[in-house]
Amino acid sequence: MDKTYEPRKVEEKWYRFWIDKGFFRASTTSQQPPFSIVIPPPNVTGSLHIGHALNNTLQDILNRYKKMKGFNVLWVPGTDHAGIATQTIVERELLKEGIKREDLGREKFVKRVWKWKEVYGKRIIEQLQRLGASCDWSRERFTMDEGFSLAVREAFVRLYNDGLIYRGHYLVNWCPRCETALSDLEVTREETKGKLYYLKYPILSEDGSSDGFVVVATTRPETMLGDTAVAVNPNDSRYKHLVGKEVLLPVVGRRIPIIADDSVDMEMGTGALKITPAHDFTDFEIANRHNLPKIQIMDFRGRMNENAGKYKGLDRFECRARIVEDFEREGILQKIEEYNLQLGKCYRCGTVVEPMLSLQWFVHTPPLAHPAIQAVEEGRTRIIPEGWKNTYFEWMRNIRDWCISRQIWWGHRIPAWFCRDCGGITVSVGEPKVCRHCLSPNIEQETDVLDTWFSSALWPFGVFGWPEQTQELRIFYPTSVLVTSFDILFFWVARMMMMGIRFMGDVPFRDVYIHALVRDEKGEKMSKTKGNVIDPLDIMDEYGADALRFSLTALAAQGRDIRLSLPIIEGYRNFMNKIWNASRFVFLNIDGKLRGEYSDSWFSFKSEELSVADKWILTRLNRVIREVEESLEKYEFDKVARLIYQFIWGDFCDWYIELVKPVLSGNNTGAIKRTQAVLIKVLASSLQLLHPIAPFITEELYSRLRGIGFTLKTPGGEDAESIAVSSYPVFKENEIFEDAHQEIEFIKQVIVGIRNLRAVVRAHPSSKVDVILVPDNEAVLERIKRNSDHIANLSRASVIISQHEKPKKAIAQVVEGLQIFLPVEGLIDVDREMERIKREISKLIKDLEVSQKKLSNRDFLERAPEDVVEKEREKFEELSQKKRKMEEVLEKLKEVGT
RNA sequence: GAGCGCGUAGCUCAGGGGGAGAGCGCUUGCUUGACGCGCAAGAGGUCGCAGGUUCAAAUCCUGCCGCGCUCACCA
């Protein structure tokens, strides 16, 4: 066995083993309770990033844990076609070859994208496998595979027939670069420095002559070309007299009315608002109230159209500059101010979004949102951590209709056909032959595709074969938990809730666990442009998948972002190595094969046969088992990791192994056998606890345990050929030994005390020192007697127990009920040691004062719970005893100095 | 503008009404028969600030300061 764990030597082997054995395959005939998770499907063209690593590690932990608990676990994997994102990437690649998508035409282009999908979809799947994801790959799905396409059409048709999908002319967010409509969510607002332009519109008097100006303020002067009114607040005394009059729209020369509308804020700008109904959401609504015409002045690429007159053909930003110039020349530009505004940008490409009037498809969401809100209110779906509930409610309660049509090629084509004869719409799952309304065969399918998130919303039941009523749906829906990050709470989680309830009549998941975002060590979001990405694949190459997984788990505290850095990962890589070496120690101390000695109810020692140390470690183990399970059930992943880390390193390695070394090198065969058994039991259980987080190293070490003849059982009671299918450790009340636990905890203090004294006298680690232990009472005396070997071995001391004699010249330590003396002959830095003791005494005095104050406070005595008061009394007693002893120690020191 | 989260050791973070914790880093010592990716012993903190509630506040409440995020059609 190597001295250092080398993950690269084993990881691939074990993953193949798990797959070959079919351990990740779920059963549709099992009697076991189901546990199911659907993966948040990564983008097909994407590459595994650190966020995926976290997301899938957490899911894997839950799945592997439940598997070991005997559940019929199903983790459904898959990928998302990610419409706009994927199309953009493929377009960019094609451009490198000098090909535009229009050159290929729709059909050929889509074929090219499928090719990409084949290559890159596979890549991300391999990367997930590299991470160790225990997905049931036989059930891998893609949001555009045949079955899923059927589900999408079915859902669309049903919603349409129920009147929840409609088509109409509305103002939508439009990306002029992607040339498609976007939903509200796909627009991100960014604070941008801009300018506020004050434009003077000449007022027309009754006779048509000019009569002064009304000044409007705007951040987008170019939109004035499409102005159809100026609006003021009806209560605005500055403008009251102008309502009903007209202004002459400069440059254009059109007459437009001055109207009154309540929604105009008198404080804002000049209080007079120019109305461009076809390019602004507020204006659109005002226009509807006043029956104003809507003049579109741009084409879908963001260039001025024929309605822009002489500006036709200009890009919208060029046009802005020209308009401003022209206003200035005419003397009707009053002023320009610096102005910060929240600009809407396309979340995919960052282009400034243009509100555009167009014919689009929408989902009418409030009727879907209502039951989805209720489900969370009633706790049928729990959101964890709870804080996100409010965010969910907030969004759901203010939900607006969802624009689902996209003018791109890659995606689910909307299953609607338009009739060239009667203009009617036929919506159908299969391809219709004739128009539903006039029976004309002269029909044509909608060219728009659906928003990617429309199909993602069906994921939790689409993957199980919906709309067919499959066995999988019956068993695994609702899924047990969804693990995701908060940035797609609205995009995805909320919509799955709506669709799941609508089509399945039940929530899509019992729990939603929302985890953090992974940031860099400075707390910044990782991005390729910033160059601060930590690539999980590099990390796995260098440190191993387990180290990465453990790092992410240990940092996955609820409600806080993860700041990941290499030193942290290195630390947990070291932990993996520690486990490796602890196991190595165990193996080195078991000669030959166990020959099944321990495999069949192999741990069968009666409590009186166990040593105090054995009892101590078993107590610790059992408590850790319980705490780990409690934490897992609450999704407290960081706590799980900490508990296991502390137990393996801090308890098992630092103390148990050290305590047991003399036994193993002794010649008491019975004691050796028993110790070996405890070592194996504790090691095996530790590996099991660790397995969900670090599957590879634990499998490797388990295989070595099998090599020496030790086997775990499956939940079904059979020999487990893999730790992945072994039965999770169970808390056993009869392996809790409170007395032994306290005894070893006490002995640890004694040992640390002596080591501390050794450091004071600068004793060389290999040299022995003489110490005199002076116990207060019989109980302490007995404890020390029982453990004098442990003390002597772990502190390299010759121990003398004395109830009366105390050395004259010595340095000392005090632990509860015990003084530890180390005689010295003036070879030490007495002043420094005195300083140390004095510091300690003054701290004791301070603590005593606090305690004293409490105990002399009548309110405390009367109102505090009895046990708290009692504990305070004990504490006071203990502190004052310790103080007395420390003072004594100080006296001894003085003598050393003389 | 509204809402949410976070300020605890030099750094990264647990904890969350009754004796301040971990890892890393730092100091000192170590060819300790598992491991130097290690062992041992240490130093290091008015728990952001100010009030309040309470017998008792790092912990609960209010305000403030700082950092971050989300939502919002505001010219």
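Residues numbered from 1 in each chain as written. Chains lettered and ligands numbered in written order. Predicted model: local features only at pLDDT ≥ 70, side-chain atom pairs only at ≥ 80, totals over all residues. Heavy atoms only, no water.

**A few points about the overall build of chain A**
Phase 1: Looking only at helices and strands, chain A features 27 helices and 29 strands.
Phase 2: Here chain A has a C-alpha radius of gyration of 37 Å; the compact-globule value for 898 residues is 29 Å, and the former is much larger.
Phase 3: In terms of principal-axis extent, the alpha carbons of chain A reach across some 120 × 65 × 55 Å.
Phase 4: Within chain A, buried positions represent 55% of all 898 residues.
Phase 5: A separation of at least 24 residues holds for 76% of the contacts in chain A among residues at least 6 apart in sequence.
Phase 6: Put simply, chain A shows about 40,400 Å² of open surface, and 47% of that area lies on carbon and sulfur atoms. (Helix = DSSP H or I, 4+ residues; strand = E, 2+ residues; numbered from the N terminus. Rg over C-alpha atoms; globule rule 2.2 N^0.38 Å. Buried < 20%, exposed > 50% of the residue type's maximum accessible area, 1.4 Å probe, protein only. Contact = heavy atoms within 4.5 Å. Areas by Shrake-Rupley, 256 points an atom, 1.4 Å probe, with all protein chains shown as cover.)

**A closer look at the sheet that holds strand 19 (residues 425–427)**
Phase 1: Read across the open sheet, the three strands follow the order 19-18-20; overall the sheet is antiparallel. Of all the strands in the sheet, just strand 19 and strand 20 (443–445) have a single pairing partner and so form its edges. Across this sheet, the average inter-strand angle for adjacent strands is 30°, counted without regard to direction.
Phase 2: Relative to strand 19, strand 18 (residues 416–419) runs antiparallel, the two sharing three bridges. Each residue of the ladder has a partner; that of Phe 418, found in strand 19, is Ile 425. (Pairing = 2+ DSSP bridges. Axes fitted to C-alpha atoms, helices over the stretch in contact; angles between N-to-C directions.)

**Focus: the layout of surface pockets**
Phase 1: Size it by volume and the second largest pocket reaches roughly 1,200 Å³.
Phase 2: In terms of lining residues, the second largest pocket is bounded by 43 residues, among which Thr 218, Thr 219, Arg 220, Asp 280 and Leu 341 are the most central.
Phase 3: For the lining of the second largest pocket, the secondary-structure elements that each account for two or more residues are strand 7 (187–204), strand 8 (210–218), strand 12 (272–275), helix 7 (281–290), helix 8 (316–330), strand 13 (333–346) and strand 14 (354–363).
Phase 4: Per-element tally for the lining of the second largest pocket: the top contributor is strand 7, with eight residues.
Phase 5: When grouped by side-chain class, the residues that make up the lining of the second largest pocket number 16 nonpolar, 15 polar and twelve charged. (1 Å grid on protein atoms, 1.4 Å probe; cavity = no way out; pocket = protein on both sides within 12 Å on 5 of 7 lines; lining within 4 Å. Points joined across faces, edges and corners; volume = space filled by probe spheres on them. Nonpolar A, V, L, I, M, F, W, Y, C, P; charged D, E, K, R; others polar.)

**Focus: the pattern of salt bridges**
Between side chains of opposite charge, a pair can form when the charged atoms approach closely.
Phase 1: Taken as a whole and assessed by the stated rule, the structure comprises 61 salt bridges.
Phase 2: We note a salt bridge from Asp 236 to Arg 238, for which the minimum N-O separation is 2.8 Å.
Phase 3: For Arg 238, a relative accessible area of 42% gives the class partly exposed.
Phase 4: Through salt bridges with shared partners, a single ionic network connects Arg 220, Glu 222, Arg 316, Arg 320 and Glu 354. (Salt bridge = Lys/Arg side-chain N within 4 Å of Asp/Glu carboxyl O.)

**Structural notes on the domain arrangement of chain A**
Phase 1: If you check the domain split of chain A, you get domain 1 (32–164 + 364–413 + 448–515), domain 2 (180–355), domain 3 (416–446), domain 4 (565–736) and domain 5 (766–897).
Phase 2: With centres defined by C-alpha atoms, the gap from domain 1 to domain 2 works out at 40 Å.
Phase 3: Taken together, the contact between domain 1 and domain 2 spans 15 residues of the former and nine residues of the latter.
Phase 4: On the domain 1 side of the contact with domain 2, Ile 84, Arg 406 and Phe 491 bury the most area, a combined 41% of that side's loss.
Phase 5: Applying the counting criterion to the domain 1 and domain 2 interface returns two salt bridges.
Phase 6: Where domain 1 meets domain 2, there are five residue pairs in polar contact (both at pLDDT 80 or more).
Phase 7: Only helix 3 (83–96), strand 16 (402–403), strand 17 (405–406) and helix 14 (489–504) provide two or more residues apiece to the side of domain 1 that touches domain 2. (Domains from an automatic or database assignment. Buried area = accessible area lost by both parts, 1.4 Å probe. Polar contact = N/O pair within 3.5 Å; in protein donor to acceptor, adjacent residues only side chain to side chain.)

**Let's talk about unusual backbone geometry**
Phase 1: The omega angle of the peptide bond from Trp 466 to Pro 467 is 10°, so this bond is cis rather than trans.
Phase 2: Looking at the element boundaries, Pro 467 is found in the loop between helix 12 (459–462) and helix 13 (471–476).
Phase 3: For the bond running from Tyr 477 to Pro 478, omega is -5°, close enough to zero to count as cis.
Phase 4: Although it is not a glycine, Ala 82 adopts a positive phi angle of roughly 45°.
Phase 5: Considering the arrangement of structural elements, one finds Ala 82 in the loop between strand 3 (78–79) and helix 3.
Phase 6: A residue is classified by how much of its surface remains accessible, and Ala 82, at 10% relative accessible area, is buried.

**A few points about empty space enclosed by the protein**
Phase 1: In total, this model carries one cavity of 30 Å³ or more according to the counting rule given.
Phase 2: By volume, the largest cavity is sized at about 90 Å³.
Phase 3: Taken together, Phe 23, Phe 24, Asn 63, Arg 64, Lys 67, Val 73, Ser 134, Ala 724 and Val 725 form the lining of the largest cavity.
Phase 4: Along the lines of polarity and charge, the residues of the lining of the largest cavity split into five nonpolar, two polar and two charged.

**A word on the sheet that holds strand 26 (residues 769–775)**
The strands that make up a sheet are held in pairs by hydrogen bonds between backbone atoms, and each pair lies either parallel or antiparallel.
Phase 1: Across the sheet, which stays open at both edges, the four strands sit in the order 27-26-29-28 with mixed pairing between neighbours. Taken across any chain shown, the strands that pair with only one partner, and hence form the sheet edges, are strand 27 (797–801) and strand 28 (810–815). Neighbour-to-neighbour, the strand axes of this sheet turn through a mean angle of 25°, independent of strand direction.
Phase 2: Pairing analysis gives six bridges linking strand 28 to strand 29 (residues 818–823), with the strands arranged antiparallel. Along strand 29, the bridge assignment pairs Val 814 with Gln 819.
Phase 3: In the packing of helix 22 (residues 738–760) onto the sheet, the strands contacted are strand 26, strand 27, strand 28 and strand 29, and the crossing angle to strand 28 comes to about 155°.

**Quick look at the protein's contact with RNA strand B**
Phase 1: In the vicinity of RNA strand B, 57 residues are found, and the nearest of them are Ala 217, Asp 265, Arg 642, Asn 756 and Arg 863.
Phase 2: Near the protein, meaning within 4 Å, the atoms of RNA strand B are sugar or phosphate in a fraction of 62%, with bases accounting for the rest.
Phase 3: Lys 578 is positioned such that a nitrogen or oxygen atom in its side chain is 2.5 Å from a phosphate oxygen of RNA strand B.
Phase 4: One of the side-chain N or O atoms of Arg 584 is found 2.6 Å from a sugar or linking oxygen in RNA strand B.
Phase 5: If you list the elements that add at least two residues to the surface near RNA strand B, you get strand 7, strand 8, strand 13, helix 17 (566–588), helix 19 (637–665), helix 22, helix 26 (858–863) and helix 27 (866–897).
Phase 6: Per element, the largest residue contribution to the surface near RNA strand B is ten residues, and it comes from helix 17.
Phase 7: Residues that form the surface near RNA strand B fall into these classes: 24 nonpolar, 13 polar and 20 charged. (Near = heavy atom within 4 Å.)

**Re helix 23 (residues 778–786)**
Phase 1: Every buried residue of helix 23 is accounted for by Val 780, Leu 781 and Ile 784. For helix 23, the angular spread of the buried residues around the axis is 100°, confining them to a single face.
Phase 2: As for helix 23, its buried residues are in contact with helix 22, strand 26, helix 24 (788–795), strand 27 and strand 29.
Phase 3: Where helix 23 begins, the capping side chain belongs to Asn 777, and its oxygen is found 3.1 Å from the backbone nitrogen of Ala 779. (Arc of directions from axis to C-beta.)

**Side note on the packing of helix 9 (residues 366–377) against helix 10 (residues 387–397)**
Phase 1: Look at helix 9 against helix 10: their axes get within 10 Å of each other, and the N-to-C directions meet at 160°. Taken together, the axes of helix 9 and helix 10 lie roughly antiparallel to each other. Seen along the crossing, helix 9 lies across helix 10 with a hand that is left-handed. On helix 10, the residues that touch Ala 369, Ala 372, Ile 373, Val 376 and Glu 377 of helix 9 are Lys 389, Tyr 392, Phe 393, Met 396 and Arg 397.
Phase 2: Residues that form the contact of helix 9 with helix 10 fall into these classes: seven nonpolar, no polar and three charged. (Parallel < 35°, antiparallel > 145°, perpendicular 65-115°, else oblique. Left-handed = near helix turned anticlockwise from the far one by under 90°.)

**Some thoughts on the pairing of strand 9 (residues 229–232)**
Phase 1: Burial of strand 9 is two-sided: the residues Ala 229 and Ala 231 facing one way and the residues Val 230 and Val 232 facing the other way are all buried.
Phase 2: Alignment of strand 9 against strand 12, held across four bridges, turns out to be antiparallel. In the strand pairing of strand 12, Ala 229 is matched with Ile 275.
Phase 3: One ladder, built from three bridges, connects strand 9 with strand 11 (residues 254–260); its direction is parallel. Bridging from a neighbouring strand, Ala 231 pairs with Ile 259 of strand 11.

**Brief notes about the nonpolar core**
When a protein is soluble and globular, its nonpolar side chains tend to lie buried together.
Phase 1: Membership of the largest hydrophobic core comes to 217 residues, with the highest contact counts inside it found for Tyr 392, Phe 454, Phe 652 and Leu 705.
Phase 2: With 15 residues, the top contributor of residues to this core is helix 19.
Phase 3: Non-local contacts of Tyr 392, meaning those with residues more than four positions away in its chain, are made with Ala 372, Ile 373, Val 376, Ile 383, Leu 489, Phe 490, Ala 494 and Met 497.
Phase 4: Core analysis: the second largest hydrophobic core is formed by 36 residues, Ile 203, Val 216, Ile 323 and Cys 403 among them. (Core = buried A, V, L, I, M, F, W, Y, C linked by side-chain atoms within 4.5 Å.)

**A short note on the packing of helix 22 against helix 24**
Phase 1: Where helix 22 contacts helix 24, the two axes come as close as 9 Å, and the packing angle between them is 35°. As helix 22 runs across helix 24, the sense of the crossing is right-handed. Contact with helix 22, carried on its side by Ile 747, Val 750, Ile 751, Ile 754, Arg 755 and Arg 758, involves His 790, Ile 791, Leu 794 and Ser 795 of helix 24 and no other residues of that element.
Phase 2: Residue composition of the contact of helix 22 with helix 24, grouped by class: six nonpolar, two polar and two charged.

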